[in-house]
Every structure is written in C-alpha cells, then in structure tokens.
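Fold and geometry: a report
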Amino acid sequence: MPRRKPTAPKRIALLIGVRDYPGEHALRTPLEDIRVVGAALEARSFVCRRLENPTQDELVAALEAFTADNKDAEQAVLYFSGHGFEHAGHGAVLPRDFPFPPNGENLHTDAVSVWELEEAFRDCGGVGVLVLDACRITLTGSDADRWTQIGVRRGQPVGDQSGLFVAWSTSAGALAYDGNGATSRYSAAFADAVRDHTIDFETAFANIGRAVDEGGQPQHPWIRSGLRRAAAWTDLPRFHQPTIVQTPLSNINHGPLTMTRDPAGGRLLITGRNRALWSVTVPGAERTRAVLLANLALAGDILPDGLVVAEEEIGIRRFWLDGSSTTCPLEEDCYGLRAAPEGASALAYGGKWLSILDLSGPAPVVAAHHDLSFYPYGAAFQDSRTAWLVGSHGAVARIDIPTGSVVEVTERSPYVGHFYDVAVLEDGDLVITGGEGSVRRCRPEAGRPTLLTRHTKIDYGGFEPVPDTADLRLNELWITRRGSEDVLFCDVSPDGPMVAVGLAGGDVHALDLRDGAPAGKWPSRLDDMSLQGVAFAGDGTLAVLHGDGAVTLARPI
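Below, the structure is looked at part by part. Since this is a predicted model, take the numbers as computed values, not measurements. (Residues numbered from 1 in each chain as written. Predicted model: local features only at pLDDT ≥ 70, side-chain atom pairs only at ≥ 80, totals over all residues. Heavy atoms only, no water.)

Quick look at the overall build of the protein chain now. When helices and strands are tallied, the protein chain shows seven helices and 37 strands. Based on the C-alpha atoms only, the size of the protein chain along its principal axes is roughly 95 × 50 × 40 Å. Across the 557 residues in the protein chain, those meeting the buried criterion constitute 55%. Put simply, the protein chain shows about 23000 Å² of open surface, and 49% of that area lies on carbon and sulfur atoms. Side-chain charges in the protein chain split into 51 positive and 72 negative, and the spacing between the mean points of these groups amounts to 2 Å. (Helix = DSSP H or I, 4+ residues; strand = E, 2+ residues; numbered from the N terminus. Buried < 20%, exposed > 50% of the residue type's maximum accessible area, 1.4 Å probe, protein only. Areas by Shrake-Rupley, 256 points an atom, 1.4 Å probe, with all protein chains shown as cover. Lys, Arg positive; Asp, Glu negative; His and termini not counted. Charge placed at Lys NZ, Arg CZ, Asp CG, Glu CD.)

Among the five residues in strand β36 (residues 542-546), five count as buried, and that is most of the element. With burial as the criterion, each face of β36 is covered, one bearing L542, V544 and H546 and the other bearing A543 and L545. Where strand β35 (residues 531-536) and β36 come together, five bridges link them in antiparallel fashion. Bridge pairing in β36 places V534 opposite V544. What sits between the antiparallel neighbours β35 and β36 is a turn of five residues, in which G540 has the positive phi angle 90°. Pairing of β36 with strand β37 (residues 550-554) involves four bridges; the strand directions are antiparallel. (Pairing = 2+ DSSP bridges.)

This next bit is on empty space enclosed by the protein. Counted according to the given criterion, the structure contains three cavities of 30 Å³ or more. Its boundaries defined by the atoms lining it, the largest cavity holds a volume of some 70 Å³. Around the largest cavity sit G84, F85, E86, G91, A92, V93, V114, L132, A134, C135, R136 and W168, which together line it. The set of elements that each furnish at least two residues to the lining of the largest cavity consists of β4 (84-87) and β5 (90-93). Of the residues contributing to the lining of the largest cavity, the split by class is eight nonpolar, two polar and two charged. (1 Å grid on protein atoms, 1.4 Å probe; cavity = no way out; pocket = protein on both sides within 12 Å on 5 of 7 lines; lining within 4 Å. Points joined across faces, edges and corners; volume = space filled by probe spheres on them. Nonpolar A, V, L, I, M, F, W, Y, C, P; charged D, E, K, R; others polar.)

Residues L78, F80 and L130 are the most contacted members of the largest nonpolar core, which totals 35 residues. In this structure, F80 is in contact with I16, V18, Y21, L59, V93, L94, V131, L132, D133 and A134, ignoring residues within four places of it in sequence. Within the second largest apolar cluster, 31 residues are counted, among which are A40, A193, F201 and L227. (Core = buried A, V, L, I, M, F, W, Y, C linked by side-chain atoms within 4.5 Å. Contact = heavy atoms within 4.5 Å.)

Here we take up the pattern of salt bridges. In total, this model carries 24 salt bridges according to the counting rule given. The shortest N-O distance in the salt bridge between D427 and R443 comes to 4.0 Å. Placement of D427 in the loop between β27 (419-424) and β28 (430-434) and of R443 in strand β29 (residues 438-446) is noted, with a sequence separation of 16 residues between them. Accessibility expressed as a relative area gives 47% for D427, which makes it partly exposed. D507 is paired through a salt bridge with K521; the nearest N and O atoms lie 3.6 Å apart. Of this pair, D507 sits in the loop between β32 (498-503) and β33 (508-512) while K521 sits in strand β34 (residues 518-522); the two residues are 14 residues apart in sequence, bridging distant segments of the chain. Judged by relative accessible area, which is 47%, K521 ranks as partly exposed. (Salt bridge = Lys/Arg side-chain N within 4 Å of Asp/Glu carboxyl O.)

With that settled, consider the environment of L354. Within the secondary structure, L354 sits in strand β21 (residues 353-358). Look past the residues within four positions of L354 in its chain and what remains in contact with it is L347, A348, Y349, A368, H369, H370, L372, L389, I399 and V406.

Ordered in space as β27-β28-β29-β30, the four strands form an open sheet in which the pairing is antiparallel. Strand pairing shows two members of the sheet lacking a second neighbour, β27 and β30 (472-481), which therefore form its edges. For this sheet, the mean angle separating the axes of adjacent strands, direction not counted, is 25°. With four bridges joining them, β28 and β29 adopt antiparallel strand pairing. When the sheet's bridge partners are listed, I432 is paired in β29 with R440. (Axes fitted to C-alpha atoms, helices over the stretch in contact; angles between N-to-C directions.)

Geometric values such as these leave the question of function open.
Right, dumping it as structure tokens:
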C-alpha cells in the first residue's frame, strides 16, 4: 500500500546552552544538555537550532529569528541551559559574556530577562514551551534593592501568556545542579519524557519532576501552564475509539480467519470458516459478500482486477471483476496467500513448501515450487520483483520473483523463536514479528547471514546453517518486546512512521518505526478468542479482525 504524504505540522526548537562562563563560573553539562534534548526532539520531528555559548547580542538575535519562525508552528520549544537568577518574580538568564559577579546593575544591562524569552512566543501559532534549566537563586542586600528599583531589562513576571507552557528545572530561590553524569538530571528526564508517545504535557512534566525529585539533591522542578487545549510530544497519528463491524463469521469452531487489504487500502477482504468471502469498505464500514465458493476458503487477497483465493480441494482460484473465475490446482492445501500490489504474481505457501504463482495470464500458473526447510508463516512483497518470507525457528528468506529463486538469509536454531509476519518499509527495511512478544526492524545488507537473536553461545542442535553461496544478511536496527505472547501480525501506517502489531491474546500495539518506542495500545476485545489480523486502510484507519468475526475500525483523529 503506498503511504500517503500528509503535510507534516511544523515543529521547531531553539536550544541554548552556555557552558564557558569565565573562570570559576564555568559549567559542565549545558552543551551536552542541549545535544541530548535536541536528539529527543528531532526524533519527534522537531527542526532544532542549537546555540552554543552565545553572547548577549547573539542570544537576542536568535530570539528575534525564533519569534519570526514560530508564527506558523504547531509546536515551538525554547530550551535554555546555563546560569540564571530570579528575584521577586523576575528572572534572567546569563549569556557567555556576562560580567560576573551578578548584581542589580549588570543583571539589568547584560543579562536577558525571562520575560524576553516569553515574548519570543507572543505570535506563536500553536503551543509554545519555554524550559529553563537554570538556577533561580535570589539577590540579597543592596543588589536586591537595586533590582527592585529598576527591574529586569523590560518585562513582567512570566507565565500569564495564553498558549505558553513554562517549565523551570528548580523551584524559586533554589539551585539547579549539573548532576553527576554527562548531562543534568533535568535534561535527561526531559529527553526521556519527549520520547514517550503515550503521555500528554501535564503527565510528561509530572514525570520529569518526579525523576529530578528522586535524584537526591534539593532540586524540585515547577511548571506554569497557559495552555487551553491538550498537547503531547508525539508526532504519530492518534485515533478515535474503535467502531465495530460484525461479519457473519462468528462460529469459531469452523477455523481461523484471514484479513487482507487491496493495494489502494480502501477495502478489506475477510476469508475463512465458510464458503463466503466478505468485503468491508473503509471509511464507510459497509460489509458485503464478495463471492460464494464451492468449498472452504483458506486464504485470499485482493487484486486490482478481482480476487485470488486459496480454496480447499481446488487450489488457487482467480476471480475477475465480472464474476468469472479460473483455477490452478495445488498438491496440498494452501494456508497462506499474498499477492503482489500490481497483481501479476502471488505467493502461495503451506507446510514447508512455497509456490510462486504467475497471475498475468487468464489462469493462475505455478511458475516455481520449492520445498522449504522451515514452516512459512508470513510473507510480504517489497515490489514486483522481490518478496520476503518468514517462518519457524527464526527463518527469513528473500524470493526473487522473475527467476523463482529463494535465498535464506538467516541461520536458524531451535533456540530462536518463530517469526510470524513481516512488513516491508519504503526504504527496504523489514519489520518482523515473532515469538515471546518480539518486534524488530532489520535492514538487508550484503554479507554472511547472521542469527537474529539477543542470545549468545547458541547451540544449533543439528540445524544446518545457510549455504556458503548466500550473500545477504539482516542487520538488526532495533528490537522490542511486547510481553510474553507471540506477535502474529503487523502492518505499517500510511500516515506516519508507525507499525501496528497484533498479539495472540488479542492486544494490539502501535510502535514508532524509528526506534520501536510504544505509541499506543488497544486492549483485547475478547477474553477467549485470539486475534486474527491487523491492517491499515488507505485513509489511516486501523482495522483489527477478531476471533468472533468482528472488525474494529479505529479512525485517525
């Protein structure tokens, strides 16, 4: 299914770190703070500008550019890490060329007031976030009197601007500590919160505060919110509550179901249990009987000009749009069927065998047949020339459609869990789901095959490694585990870098394709029936097929 190319909302950040103050006033972590914070924000689609050790003039110029740039931003972040002061509700941050020691005069003339930082959001088109990872210690004696007389350079106390969220790394009058690591405790906690897709701002900053509170130092973050609507760091699609479409396939004693979608993503095909194939259209959520078979439907897929179905005792039957059909016999029943997007070929597979079907003529033809050394469980086409097959004991194979060849690209072992489904991304990477809750992203690369597992010192237990002629391996980019149940299904969203995975017990999880971070969860709808499939429609709707024949449709917000 081709991914849609929605216009990404504008997200920008200005990250200011001042470390190299003169002499004993130098700090240790601010530059690393903004690097860590920037990496987290960039992982959520922010365009970040880092400003290291600016002078007062450079800082003011950067604020003016940020003010002009955030007018059409969905989210805008200004993060400062360095020295700061505050007195009587007025605060200031110190540039690199600030003339220490601070007093009522030079804080007025040579610092930048927090009010000026807030003013940088005055025309922000969306949500503004001002984060001050700096001390808030106060002046004393004559300096405090002088500060009170002249005030900070322009300005009022912060926090009264609509649409602006202000966060301090410490409480009024207190220090903010560098910490013992490469970054401040606050910046590390902030970066962790940004990476969490499942929480809103209020929860994110509560988690940050709790993490800093537990650091063993007298530092307690505070926030003040002028937000008028809910906001979150996530850049992935969010969904409405699912609606239910019930198909007439509720008799679970008649076997499993399968669900596939057409290349355009607007129609779902439900097969299994009886001789009728049911179609569900999205977004209308209408169900209709697609075709009535003479025998039991084992699996099916949608072609641009009809359907292709694995039918018990028949083999492969191709249906045309006018209702006519042609058949191709198979020696064994086929329990898996996957058609290429353009409909010219398909994969049919069952117990330790695979057939490559040519669908370009009036009747399906077996173009190549292979006896496999593993049980195939899931398949996906990369394009019209290449497909991928996964199966038992960690087997992954690449199929070259024109030549009919199969190259196994991983060594296998009884100590590796089964792989159940695979999806191919636009850049050619694979998402593979398997046993014990495993979901992984892998990149095909030239070189000797390797074992996809976190375990070491594997005993192959009599399993033969791949042949010496194999020259393709999978580089594992990340792996995450969604509990202990097998992950049976996966599909990639057309709206963003997200994959939905379905567990045997019925739960469905959304994950960030970039790093495997959790992005949402739909709990099992039924306690005693397994999940049967997950698929994204072309408009981004997530369809989940349940054991009672119901399809839940979660539409993107």
